[in-house]
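Chain residues, written in single-letter form:
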Amino acid sequence: MFSVSESAREKEHERWMRESLRAAREAHARDEVPVGTCVVVGQKLLAVAGNRTRTDCDPTAHAEIVALREAARKAGNYRLAEAVVYSTIEPCAMCAGALIQARVKLLVYGATDEKAGAVESHFHICDTNSLNHRVEVIKGVLEAECRELMQEFFKARR
């Protein structure tokens, strides 16, 4: 059995983060906060989504939640124990909690969210000993692109 090289893993993470960025740009085109997420198991993309809170008039329709719902339906199981979730921005408390509930294996995110991020900026939901599951976290994948997309969106709104 061979192990995947670090370089190959990085390329794989960048591949799926680019897919998440595409979804974030589509959300931006709908005047949504430009966050994108995809859920991958093995080499298979189960779901990809951008924020839909305004589009759906649903405060829970964050990209992570929408993608987790679709992935669970496709998998036929609300537990996504082998899933890797890619998000352009550090998830909020609601989304980090959903990752725990879904038993997600790994979260890979682009840019930190110093205001509302609940994975590492605040709360540390994904690795607290108070909950029954912990999610491994990799941060900073395509960080500059992810941060720039958010900054452009909010700069245009001010």
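Look above for the structure.
The structure reproduced in this document is the subject of the present report. (Residues numbered from 1 in each chain as written. Predicted model: local features only at pLDDT ≥ 70, side-chain atom pairs only at ≥ 80, totals over all residues. Heavy atoms only, no water.)

**Examining the environment of Glu136**
Within the secondary structure, Glu136 is located in strand β5 (residues 136-139). Residues Glu136 and Lys105, 31 residues apart in the sequence, show an inter-C-alpha distance of 6.3 Å. Setting aside anything within four residues of it in sequence, one finds Glu136 in contact with Lys105, Leu106 and Leu107. (Helix = DSSP H or I, 4+ residues; strand = E, 2+ residues; numbered from the N terminus. Contact = heavy atoms within 4.5 Å.)

**Observations concerning the packing of aromatic side chains**
Tallied over the full model, the rule gives one aromatic pair. Note on Phe153 and Phe154: the rings are 5.0 Å apart at their centroids and 85° apart in plane angle, and the pair reads as edge-to-face. Under the relative-accessibility criterion, Phe154 is labelled partly exposed at 32%. (Phe/Tyr/Trp six-rings, centres within 6.5 Å; stacked < 30°, edge-to-face > 60°. Buried < 20%, exposed > 50% of the residue type's maximum accessible area, 1.4 Å probe, protein only.)

**Overview of the sheet that holds β5**
Pairing is mixed across the open sheet formed by five strands, whose spatial order is β2-β1-β3-β4-β5. Strand pairing shows two members of the sheet lacking a second neighbour, β2 (44-50) and β5, which therefore form its edges. Taken pair by pair, the neighbouring strands of this sheet meet at an average axis angle of 15°, ignoring direction. Looking at chain direction, strand β1 (residues 36-41) and β2 are connected through six bridges and run antiparallel. Bridge pairing in β2 links Val41 to Lys44. The strands that helix α3 (residues 63-75) touches are β1, β2 and β3 (83-89); relative to β2, the one it contacts most, it runs at about 145°. (Pairing = 2+ DSSP bridges. Axes fitted to C-alpha atoms, helices over the stretch in contact; angles between N-to-C directions.)

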